[in-house]
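Residues per chain, in single letters:
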Amino acid sequence: MTEGSQSCGGSCGCGSEAGKVDEGRRGFLAGAVATGATALAPGVTLFAYGTAEAEAAGADPKKRWGMLVDVSKCVDGCTGCVTACQTENGWKTTGKPATDPQWIRKVTLRDPKSGATRSAPVMCQHCAEPPCADVCPTGASFKRADGIVLVDRHRCIGCRYCMMACPYKARSFVHEALEDQKPHAPRGMGTVEGCTLCVHRVDKGVAPACVEACAKSGGAIMFGDIADPKSEISKVIATYATMQIRGDLGVDPGVRYRNL
Amino acid sequence: MANIVYTECQGGQRFWALLGALLMVVAIGAASALYMEHNGHIVTGMSNEIVWGLPHVFAVFLIVIASGVLNIASLGSVFGEMQYKPKARLSGVLAITFLVGGLAILVLDLGRPDRLTVAMTNYNFRSIFAWNVLLYSGFIAVVVAYLVVQMTRTWARYTPHVGLVAFLWRLTLTTGTGSIFGFLIARSPYASAVLAPLFIAMSLAYGLAVFILIRLALENSASRGLGDELLQRLMRLLVIFVGSVLYFSGVFHFTSIYTAWRVGWESYLLLDGGLYTLLFWGLYVILGTLVPIAMLYGRTGVTRQREIVGSVLVLIGGFAHIYVIIIGGQAYPLELFPGYEVTSSFNDGVVASYVPTLPELGLGLGGAGLALVLAMVAMRVFRLLPQGDGVSNADAS
Ligand code: SF4
Ligand code: SF4
């Protein structure tokens, strides 16, 4: 039941050291029962948000981490990034695509007019205006100062509203009990999860696992700080035409695609 | 008003038998919830594509009814329609119990229902969902206050004021429920402002249908006559409400047809959506709207049987309608790459399939059962029901 909540010491970067929410809960439970949720809400919010923000520590507000996928370099049929993500974050598929976790997937596109096909990885796009975080009732879905969008798995109640709101099918709900979890990527049945941009690696200055794996195949994924005009990724974005998936929705994804 | 005499429901064999049966349904609901919580949502038909399933259809249906059923009370105290006043107490109590039934389903369907306290102590005020939590708890508080002022002599004079607050709160609540879907920008089946008025119309129609059925049931069990004249009025009102649901549903789909990125969904739903198309036209439009309108419209001296069948059909149609909106809307694939044919390991570009399982049905029925059980208990404990039809002495006062 509570596997996700125990294994974590807060190293996942989700913004909650284990037990923080529970402390808040205990502190306010008595009051909540007495006063009723309505009257209490404003005070509680201040309390909870104060700590959550303090804990999104490590995130540098001057940065915005992002990726650029060069679709022309993405090898059709290659799933190196997907496998690397599974190994890194400890999720696996069981042959039931609709309920299996899908942190990252390969999508094949076919232009019906020309018949040309392309393939590209799709994962959480780490939107600048993430609808998942807007709709999340508890604030479990949130964006770090450096643009990485995460789920605080200790606070998620499993309502799945974020999944309704995400335009990219980027989130998965854990439908079954789990085993073999990675300490840096706590997961738990009944909560929602998705690509963390390998926040545990990024915070140590290492690129995400998919980027590293792809470098060995097509070298299609580039990672970096898109807020810094001098970064490699920003230079490419400034030079070539790139696009965001469903850029028309105005959520400003941090993942861009080139040669789509 | 002061002359109306209220009594408790006296119980009796039928009362206890029905209560027992409903308690069984509630027990099945509780068992289903436990089973789902223990095994995870893998035992349901829900998936990462159909994230909200049959339980949500039940929950939204009950919540919409809760708001609508309060309308009877509003007609009495806000719009000063004397005939409705004797029914205000029952209407208020039903509003609360149906809301509680719906919310119970929502909570028990959470991935982590044990974290309810987290939801109650962490509010994200940008979330319409969090606002709904406040709207729901506030609704219960306001309706309780409304009942208290109605039932105590000292505060009775505040009834119209509290009634007005309850009326406005209820409109906001239903707007909020509709907005849960209306704000989903990426999903072509939902992102529309028309969902809010559509939900309000649904609440009026389905709430009234439930009220009529419960009144008729009470009449049979405890021989409390509901003034025939009043019942005829309610039936006429039902026709108007059902018609307005159809109207707003029409506006909703018509405006979608003229919105380029939503055309795909509309032609899917209206023409080739298989089950969803069938539910929409067959159950909602024909059986749940046109047939009851034809049965009840412009008739005098409608028989009890016709009233019952008409109201039941309206509810069946309403349930199908909400099913189509919630499930059908999710089944239709999200469009990530407009203009391309897409395939992936995660069913991109494919209509998602959904087959609800028994625990989901159990949970949904359990919530509906809970609403009725609570209503019956309230009727037994509090003086909610006017003696006789309550109309004659109301007029006399
Ligand atoms: S892609 Fe989806 S899950 Fe990721 S930030 Fe955007 S809305 Fe949220
Ligand atoms: S499922 Fe969890 S993360 Fe998603 S909206 Fe609900 S509480 Fe927030």
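Residues numbered from 1 in each chain as written. Chains lettered and ligands numbered in written order. Predicted model: local features only at pLDDT ≥ 70, side-chain atom pairs only at ≥ 80, totals over all residues. Heavy atoms only, no water.

Caption draft 1: Geometry of the overall build of chain B. From N to C terminus, chain B includes 14 helices and three strands. Taking 21 Å as the expected radius of gyration for a compact globule of 397 residues, we find that chain B reaches 21 Å, a close match to that expectation. Expressed along its principal axes, the backbone C-alpha trace of chain B runs to roughly 70 × 50 × 40 Å. By the burial criterion, 57% of the 397 residues in chain B qualify as buried. Of the contacts made within chain B by residues no fewer than 6 positions apart, 81% connect residues no fewer than 24 positions apart. (Helix = DSSP H or I, 4+ residues; strand = E, 2+ residues; numbered from the N terminus. Rg over C-alpha atoms; globule rule 2.2 N^0.38 Å. Buried < 20%, exposed > 50% of the residue type's maximum accessible area, 1.4 Å probe, protein only. Contact = heavy atoms within 4.5 Å.)

Caption draft 2: Representation of the confidence of the model for chain A. Residue and element names in this part refer to chain A. Overall, the predicted model of chain A reaches an average pLDDT of 82, with 78% of residues at or above 70. Overall, residues 1-11 carries pLDDT values under 50, and its contacts beyond four positions in sequence, including any with other chains, amount to 33 contacts. This model gives residues 15-55 a pLDDT under 50, and the stretch forms 62 contacts once residues within four places in sequence are excluded. (pLDDT = per-residue confidence, 0-100.)

Caption draft 3: How the structure looks around the packing of aromatic side chains. What the rule picks out here adds up to 21 aromatic pairs over all chains. Taking the centre distance of 5.2 Å and the plane angle of 15° together, the rings of Trp65 of chain A and Phe223 of chain A count as stacked. Of the two residues, Trp65 of chain A is situated in strand S1 (residues 65-70) and Phe223 of chain A in strand S8 (residues 221-225); the sequence distance between them amounts to 158 residues. A residue is classified by how much of its surface remains accessible, and Trp65 of chain A, at 16% relative accessible area, is buried. Exposure remark for Phe223 of chain A: the relative accessible area of 19% places this residue in the buried category. In this structure, Lys169 of chain A is placed above the aromatic ring of Phe346 of chain B, and the distance from its NZ or CZ to the ring centre is 4.3 Å. Across from the ring centre of Tyr240 of chain A, 3.7 Å away, lies the NZ or CZ of Arg258 of chain A, which sits over that ring. (Phe/Tyr/Trp six-rings, centres within 6.5 Å; stacked < 30°, edge-to-face > 60°. Lys NZ or Arg CZ within 6 Å of the ring centre and 35° of its normal.)

Caption draft 4: Layout of the site of ligand 1. Neighbouring residues of ligand 1: Cys124, Gln125, His126, Cys127, Pro130, Pro131, Cys132, Val149, Cys166, Pro167, Tyr168 and Arg171 of chain A. Within the shell around ligand 1, the residues separate by chemical class into nine nonpolar, two polar and one charged. (Near = heavy atom within 4 Å. Nonpolar A, V, L, I, M, F, W, Y, C, P; charged D, E, K, R; others polar.)

Caption draft 5: Region of interest: the pattern of salt bridges. According to the stated counting rule, one finds 19 salt bridges over all chains in the structure shown. Put simply, Glu176 of chain A and Lys96 of chain A hold a salt bridge, and the shortest N to O gap is 3.2 Å. Of this pair, Glu176 of chain A sits in the loop between strand S6 (171-173) and strand S7 (192-194) while Lys96 of chain A sits in the loop between helix H4 (80-89) and strand S2 (104-110); the two residues are 80 residues apart in sequence, bridging distant segments of the chain. For Glu176 of chain A, a relative accessible area of 27% translates into the label partly exposed. Classification of Lys96 of chain A by relative accessible area gives partly exposed; the value is 33%. In this structure, the salt-bridge partner of Arg112 of chain B is Asp114 of chain B, at a minimum N-O distance of 2.9 Å. Residues joined by salt bridges that share partners form a network here, namely Asp70, Lys73 and Arg258 of chain A. (Salt bridge = Lys/Arg side-chain N within 4 Å of Asp/Glu carboxyl O.)

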